[in-house]
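Residue strings, one per chain:
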Amino acid sequence: RALQALAEVEAGACDPALFDLLDDRWNLPGDIHACLTRLGLAHLPLDRASETLSGGETVRLMLAGLRLGGARVLILDEPTNHLDRQAREQLSEELRQGKETRIVISHDRALLEHADRILELRSDALVQYSGGYSSYREQRQAEQDNAQAALVRARAARDSVEQQITVARQRELQRA
């Protein structure tokens, strides 16, 4: 719609709604071309139907639309599905360069390696870890090691208390 509004204004239309739709994006065709080129989609004609695109092209085109639309927050659910290795690398680079807030739901460890923080959804809590995937794994392993050590200590304490109770009962029986 913005491209159509730009074409109408360039043809002489003066409708204020067209100017509102443009929102001072006078270089929109150039911005679109630059964004599509950066995402490896420069070969796509702007009037191509989205249902004719591959899964990877669709993901990259949606990201381009969000960027060009001025989104301040991106929520991406498994964005690397249907992408080949090169497209995954392009997406990762594009996400690293972006200034918007990004929430990425993914099992792609390479993509998550570049995260600022990882949130793990558990049955009873949402736990935050700083850094990318490697950092998450280290912190998670440390938590598990600490939990295992605490369990060993708790069992030892329980065994000690049970032994003290047994000794106390034996003494009581001997006195009786």
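Our structure is the block above this text.
Description of the structure in this document. (Residues numbered from 1 in each chain as written. Predicted model: local features only at pLDDT ≥ 70, side-chain atom pairs only at ≥ 80, totals over all residues. Heavy atoms only, no water.)

A closer look at a negative patch on the surface
Together, Glu 8, Asp 15, Asp 20, Asp 23 and Asp 24 make up a negatively charged patch on the protein surface. One can find Asp 23 in the loop between helix H2 (16-22) and helix H3 (28-38). Judged by its relative accessible area of 56%, Asp 23 falls in the exposed class. (Patch = residues over 30% accessible without salt bridge, like charges linked within 9 Å, V, L, I, M, F, W, Y side chains within 5 Å. Areas by Shrake-Rupley, 256 points an atom, 1.4 Å probe, with all protein chains shown as cover. Salt bridge = Lys/Arg side-chain N within 4 Å of Asp/Glu carboxyl O. Lys, Arg positive; Asp, Glu negative; His and termini not counted. Charge placed at Lys NZ, Arg CZ, Asp CG, Glu CD. Helix = DSSP H or I, 4+ residues; strand = E, 2+ residues; numbered from the N terminus. Buried < 20%, exposed > 50% of the residue type's maximum accessible area, 1.4 Å probe, protein only.)

Looking at the packing of aromatic side chains
Counted under the stated rule, the structure contains three aromatic pairs. The interplanar angle of 80° and the centroid separation of 5.1 Å between the aromatic rings of Tyr 129 and Tyr 136 together place this pair among those described as edge-to-face. For Tyr 129, a relative accessible area of 1% corresponds to the buried category. Overall, the relative accessible area of 13% leaves Tyr 136 in the buried class. (Phe/Tyr/Trp six-rings, centres within 6.5 Å; stacked < 30°, edge-to-face > 60°.)

Digging into the nonpolar core
Counting residues in each nonpolar core, the largest one holds 19 residues, and the members touching the most others are Leu 39 and Leu 95. If you list the elements that add at least two residues to this core, you get H3, helix H4 (55-68), strand E1 (73-77) and helix H5 (85-97). For this core, the leading source of residues is H3, giving four residues. Non-local contacts of Leu 39, meaning those with residues more than four positions away in its chain, are made with Arg 60, Leu 63, Ala 64, Gln 90 and Glu 94. Within the second largest apolar cluster, six residues are counted, among which are Ile 118, Val 127, Tyr 129 and Tyr 136. (Core = buried A, V, L, I, M, F, W, Y, C linked by side-chain atoms within 4.5 Å. Contact = heavy atoms within 4.5 Å.)

With respect to the packing of H4 against H5
Between H4 and H5, the least distance of the axes is 11 Å, while the angle of their chain directions is 15°. With respect to H5, the element H4 is oriented roughly parallel. In this structure, H4 crosses over H5, and the sense of that crossing is left-handed. Contacts between H4 and H5 involve Arg 60, Leu 63 and Arg 67 from the former and Ala 87, Gln 90, Leu 91, Glu 94 and Leu 95 from the latter. Within the contact of H4 with H5, the residues separate by chemical class into four nonpolar, one polar and three charged. (Axes fitted to C-alpha atoms, helices over the stretch in contact; angles between N-to-C directions. Parallel < 35°, antiparallel > 145°, perpendicular 65-115°, else oblique. Left-handed = near helix turned anticlockwise from the far one by under 90°. Nonpolar A, V, L, I, M, F, W, Y, C, P; charged D, E, K, R; others polar.)

Some details on the pattern of salt bridges
A side chain of one charge can pair with a side chain of the opposite charge if their charged atoms are brought near each other. Evaluated as defined, the whole model comprises 10 salt bridges. Between Glu 93 and Arg 96 there is a salt bridge, and its shortest N-O distance comes to 2.8 Å. Pair noted here: Glu 93 and Arg 96 are both in helix H5, with a separation of three residues, about one helical turn. Through salt bridges that share partners, Glu 120, Arg 122, Arg 140 and Glu 143 make up one connected network.

Comments concerning the layout of surface pockets
If you add up the space inside the largest pocket, you get close to 890 Å³. Lining the largest pocket are 26 residues; nearest its centre among them are Val 104, Leu 112, Ala 115, Arg 117 and Ile 118. Elements supplying a minimum of two residues to the lining of the largest pocket: H5, strand E2 (101-105), helix H6 (109-112), strand E3 (117-121) and helix H7 (133-175). One number sums up the size of the second largest pocket: a volume of about 400 Å³. (1 Å grid on protein atoms, 1.4 Å probe; cavity = no way out; pocket = protein on both sides within 12 Å on 5 of 7 lines; lining within 4 Å. Points joined across faces, edges and corners; volume = space filled by probe spheres on them.)

Description of the pairing of E3
Every second residue of E3 is oriented toward a common face, the buried set being Ile 118 and Glu 120 and the non-buried set Arg 117, Leu 119 and Leu 121. The sheet contact formed by E3 and strand E4 (residues 126-130) spans five bridges and is antiparallel. Residue pairing across strands places Ile 118 opposite Tyr 129, the latter belonging to E4. Following E3, the chain reverses through four residues before pairing antiparallel with E4. (Pairing = 2+ DSSP bridges.)

Side note on helix H1 (residues 2-10)
Every buried residue belonging to H1 is among Ala 2, Ala 5, Leu 6 and Val 9, and all of these are buried. Projected down its long axis, H1 carries its buried residues within an arc of 100°, all on one side. (Arc of directions from axis to C-beta.)

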